[in-house]
Amino acid sequence: MNPLPLSCSTTAPELSPPKTASTWWEHRSYPSELASAGEVRAHLRTDLQGFARDLVDSVVLCAAELVANAVKYAPGGDSVLRALALVNERTLWLAIVDGGGGSSVPRIPTGRSAAEWDWAEGQRGLMLVDALAERWGHYRVGPGRQSMGLGVWASFSVASEQVPLGLPRFRLTD
């Protein structure tokens, strides 16, 4: 795990969001509430059928954490958006975009002692994302200084032989 706070400025900015992808899944919008995490998980399992189970499990777990953060740290937003793309045959990209209203940026807390971490009941979600994803970061949504939300993304390595055959360039989901 990387103990430093990560953001799109220290990771791969081209993945936030990607300009091109071999496959885009239809964006999905959910109510900005914790209960939406279950629906996000179910839709990801459906959308990623055919990919390796370990990969799907990692993406699903990270998505649930990012939804929880979007709801907690962007109060007042009406919805969260899920974006999903196979950037190339080796990189799956996921983003959860909050509805705005938050003023903080995602980071892994620093400055805690080992004992404080042992007792901490929160702020572990990004550590989980950091451990499971190849990279992660964030980007502001909206022109200039106007913030219409914050997207937090994670990318995952995919073995090219594990990409299901016949994925179209854009996948409509029901």
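In short, a report on the structure. Per chain, the residues get numbers from 1 upward, laid out in the order the sequence is written. Reporting of local features is limited, given that this is a predicted model, to residues whose pLDDT is at least 70; pairs of side-chain atoms are given and counted only at 80 or more, and all residues count toward the totals for whole chains, interfaces and linings. The side-chain values count all of the structure's non-hydrogen atoms but skip hydrogen atoms and water molecules.

## Some words on the overall build of the chain
Here's step 1: Scanning the chain for helices and strands turns up four helices and six strands.
Here's step 2: The secondary structure listing takes helices from DSSP runs of H or I that are at least 4 residues long and strands from runs of E that are at least 2 residues long, numbered from the N terminus. Along the chain, from the amino end to the carboxyl end, the secondary structure elements read β-α-α-β-β-α-α-β-β-β.
Here's step 3: When burial is assessed residue by residue, the chain has 45% of its 174 residues classed as buried.
Here's step 4: Contacts are assigned to residue pairs with any non-hydrogen atoms lying within 4.5 Å of each other. Pairs at least 24 apart in sequence give 69% of the contacts found in the chain among residues at least 6 apart.
Here's step 5: As displayed, the chain offers around 9400 Å² of accessible surface, 52% of which is attributable to carbon and sulfur atoms. Think of it in three bands: with a 1.4 Å probe and only protein chains considered, a residue is buried below 20% of the maximum accessible area for its type, exposed above 50%, and partly exposed in between. Where accessible areas are quoted, they stem from the Shrake-Rupley method and a 1.4 Å probe; at the residue level, only the protein chains shown are allowed to cover.

## A few points about helix H1 (residues 36-47)
Here's step 1: To estimate the expected span of a helix, count its residues, drop one, and scale the result by 1.5 Å. Its 12 residues place the ends of H1 16 Å apart at the C-alpha level, agreeing with the 16 Å of an ideal helix rising 1.5 Å per residue.
Here's step 2: The set of residues buried in H1 consists of Ser36, Ala37, Val40, His43, Leu44 and Asp47. When H1 is viewed along its axis, its buried side chains cluster within an angular range of 125° and face the same direction. Within this analysis, the arc is defined by the directions that extend from the helix axis to the C-beta atoms.

## A short note on the packing of helix H2 (residues 53-73) against helix H4 (residues 125-132)
Here's step 1: Contact pair H2 / H4: the axes reach a minimum separation of 9 Å and the direction vectors enclose 150°. As far as their axial angle goes, H4 and H2 are roughly antiparallel. Handedness of the H2/H4 crossing: left-handed. Along the contact surface, H2 presents Ser58, Leu61, Cys62, Glu65, Leu66 and Asn69, while H4 presents Gly125, Leu126, Leu128, Val129 and Leu132.
Here's step 2: Note on residue categories: nonpolar means Ala, Val, Leu, Ile, Met, Phe, Trp, Tyr, Cys or Pro, charged means Asp, Glu, Lys or Arg, and polar means any other residue, Gly included. When grouped by side-chain class, the residues that make up the contact of H2 with H4 number seven nonpolar, three polar and one charged. Angles here are taken between N-to-C directions and fall from 0 to 180 degrees, while the axes themselves are lines fitted to C-alpha atoms, restricted in helices to the stretch in contact. Any angle that falls under 35 degrees is termed roughly parallel, while one over 145 is termed roughly antiparallel, one within 65 to 115 roughly perpendicular, and all others oblique. For a crossing to be left-handed, the near helix must be turned anticlockwise from the far one by less than a right angle; the clockwise case is right-handed.

## A closer look at the packing of aromatic side chains
Here's step 1: In this scheme Phe, Tyr and Trp rings, the latter by its six-membered ring, pair at centre separations within 6.5 Å, and the angle between planes marks the pair as stacked below 30 degrees, edge-to-face above 60, and tilted otherwise. Scanning the model with the defined rule gives two aromatic pairs in all.
Here's step 2: Ring geometry for Trp24 versus Trp93: centroids 5.9 Å apart, planes at 75°, classification edge-to-face. With a gap of 69 residues between them, Trp24 in strand E1 (residues 23-31) and Trp93 in strand E3 (residues 91-97) connect regions that are remote in the sequence.

## Re the pattern of salt bridges
Here's step 1: The salt bridge criterion pairs a side-chain nitrogen of Lys or Arg with a carboxyl oxygen of Asp or Glu, the two atoms within 4 Å. Going through the model one piece at a time under the given rule, you end up with four salt bridges.
Here's step 2: The salt bridge partner of Asp47 is Arg82, with a shortest N-O separation of 2.8 Å. You can see Asp47 sitting in helix H1 and its partner Arg82 sitting in strand E2 (residues 79-88), a full 35 residues away along the chain. One exposure class covers both Asp47 and Arg82, and it is buried.
Here's step 3: In the salt-bridge network here, residues are joined through shared partners; they are Arg28, Asp47 and Arg82.

## Section: the nonpolar core
Here's step 1: Among buried residues, those of type Ala, Val, Leu, Ile, Met, Phe, Trp, Tyr and Cys that are joined through side-chain atoms within 4.5 Å constitute a nonpolar core. One finds Leu44, Leu48, Phe51, Val59, Leu92, Leu94 and Phe156 to be the most contacted residues of the largest nonpolar core, which totals 34 residues.
Here's step 2: Among the elements that take part in this core, H2 stands out by supplying 11 residues, more than any other.
Here's step 3: Contacts of Phe156, omitting those with residues within four sequence positions, involve Leu55, Ser58, Val59, Cys62, Arg90, Thr91, Leu92, Leu94, Leu132, Ala133 and Glu134.
Here's step 4: Membership of the second largest hydrophobic core comes to 10 residues, among which are Trp24, Ala85, Val87 and Trp153.

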